Amino acid sequence: GFTLAKEIKKVQEDQPVLFLTAKNQKEDVIDGLKIGADDYLTKPFNLEELLLRVDKLIEKNRKLQEKTTLGDHYAFGGNSIDFKAQTATNAKGELISLSKKEIMLLKLMIEYRNEVVSREKILQAVWGYQVFPTTRTIDNFILNFRKYFETDPREPRHFHSVRGVGYKFADA
């Protein structure tokens, strides 16, 4: 089960996983949750509890599926991004050429606007599951976004760091 869950999470991180198992040692539960299980239920179990947990996972998955995908253009705070052309125009009217990784990170941040995106999610979505740049790499990308798009990079309105967790994009 652990191996299968790891493989599922490699392919689709947001895929809900519930362990229903006889392995009820504290270490087993912790290991299952560490590899990405959304829930862990041991046997014997109450049928009503199982159904409630499954309903909760289905609802969570439905909300994830409803996330709207971005078009080719996005505008915020006087800035505009052309994802296809890999360019942006900031509020001063300056044209900025963006790298593929910058575009991927911008798309991810904007798709999850007003929500904290964890470092782990960023590393998986932008750099790939097997590639782990230092966390300073992500910090440097965010610093660049602040230079490109913020009126005052020291007082960001759009690209926020959430200490110990990740980053948040706000378009307001």
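Residues numbered from 1 in each chain as written. Predicted model: local features only at pLDDT ≥ 70, side-chain atom pairs only at ≥ 80, totals over all residues. Heavy atoms only, no water.

### Considering the overall build of the protein chain
Inference 1: For the protein chain, the count of helices and strands is 6 helices and 9 strands.
Inference 2: Its C-alpha atoms give the protein chain principal-axis dimensions of roughly 65 × 30 × 30 Å.
Inference 3: For the protein chain, the proportion of contacts with a sequence separation of at least 24, taken over those separated by at least 6, is 43%.
Inference 4: On the protein chain, roughly 10,700 Å² of surface is accessible, and the fraction owed to carbon and sulfur atoms is 52%.
Inference 5: With 28 positive and 25 negative side-chain charges, the protein chain shows a spacing of 3 Å between the two charge centroids. (Helix = DSSP H or I, 4+ residues; strand = E, 2+ residues; numbered from the N terminus. Contact = heavy atoms within 4.5 Å. Areas by Shrake-Rupley, 256 points an atom, 1.4 Å probe, with all protein chains shown as cover. Lys, Arg positive; Asp, Glu negative; His and termini not counted. Charge placed at Lys NZ, Arg CZ, Asp CG, Glu CD.)

### Some thoughts on the packing of helix 4 (residues 100-111) against helix 5 (residues 119-127)
Inference 1: Running from amino to carboxyl end, helix 4 crosses helix 5 at an angle of 130°, the nearest separation of the two axes being 9 Å. Considering their axes alone, helix 4 and helix 5 lie oblique with respect to each other. The handedness of the crossing between helix 4 and helix 5 is right-handed. Side by side, helix 4 and helix 5 meet where Lys-101, Met-104, Leu-105, Leu-108 and Met-109 of the first sit next to Lys-121, Ile-122, Ala-125, Val-126 and Trp-127 of the second.
Inference 2: Its residues assigned to classes, the contact of helix 4 with helix 5 comprises 8 nonpolar, no polar and 2 charged. (Axes fitted to C-alpha atoms, helices over the stretch in contact; angles between N-to-C directions. Parallel < 35°, antiparallel > 145°, perpendicular 65-115°, else oblique. Left-handed = near helix turned anticlockwise from the far one by under 90°. Nonpolar A, V, L, I, M, F, W, Y, C, P; charged D, E, K, R; others polar.)

### Some words on the pattern of salt bridges
Opposite charge on two side chains allows them to pair when their charged atoms are near.
Inference 1: Applying the stated criterion across every chain yields a total of 9 salt bridges.
Inference 2: Across the pair Lys-9 and Asp-38 runs a salt bridge, and its minimum N-O distance is 3.4 Å. Here Asp-38 lies in the loop between helix 2 (26-34) and strand 2 (39-42) and Lys-9 lies in helix 1 (residues 2-11), a separation of 29 residues in the sequence.
Inference 3: Residue classification places Lys-9 among the buried residues on the basis of a relative accessible area of 9%.
Inference 4: Among the ionic pairs, Arg-53 bridges to Asp-39, the shortest N-O distance being 2.5 Å. Within this pair, whereas Arg-53 is found in helix 3 (residues 47-65), its partner Asp-39 is found in strand 2, the two being separated by 14 residues in sequence.
Inference 5: Overall, the relative accessible area of 23% leaves Arg-53 in the partly exposed class. (Salt bridge = Lys/Arg side-chain N within 4 Å of Asp/Glu carboxyl O. Buried < 20%, exposed > 50% of the residue type's maximum accessible area, 1.4 Å probe, protein only.)

### Topic: the pairing of strand 9 (residues 166-169)
Looking down a regular strand, the side chains alternate between one sheet face and the other.
Inference 1: Sheet topology places strand 7 (residues 116-118) next to strand 9; 3 bridges connect them, and they run antiparallel. The partner of Ser-118 across the bridge, within strand 9, is Gly-166.
Inference 2: Across 4 bridges, strand 8 (residues 159-162) lies against strand 9 in antiparallel orientation. Its bridge partner being in strand 9, Ser-161 is matched across the sheet by Tyr-167.
Inference 3: Between the antiparallel neighbours strand 8 and strand 9 lie 3 residues, among them Gly-164 with a positive phi of about 80°. (Pairing = 2+ DSSP bridges.)

### Side note on helix 5
Inference 1: Of the residues making up helix 5, those classed as buried are Lys-121, Ile-122, Leu-123, Gln-124, Val-126 and Trp-127.
Inference 2: One or two residues past the end of helix 5 sits Gly-128, with phi positive at roughly 95°.

### A short note on the confidence of the model for the protein chain
Inference 1: Put simply, the protein chain has an average pLDDT of 87, and 92% of its residues get 70 or more.
Inference 2: Predicted confidence in the protein chain is weakest over helix 5, with a mean pLDDT of 83, and strongest over strand 5 (residues 87-89), with 97. (pLDDT = per-residue confidence, 0-100.)

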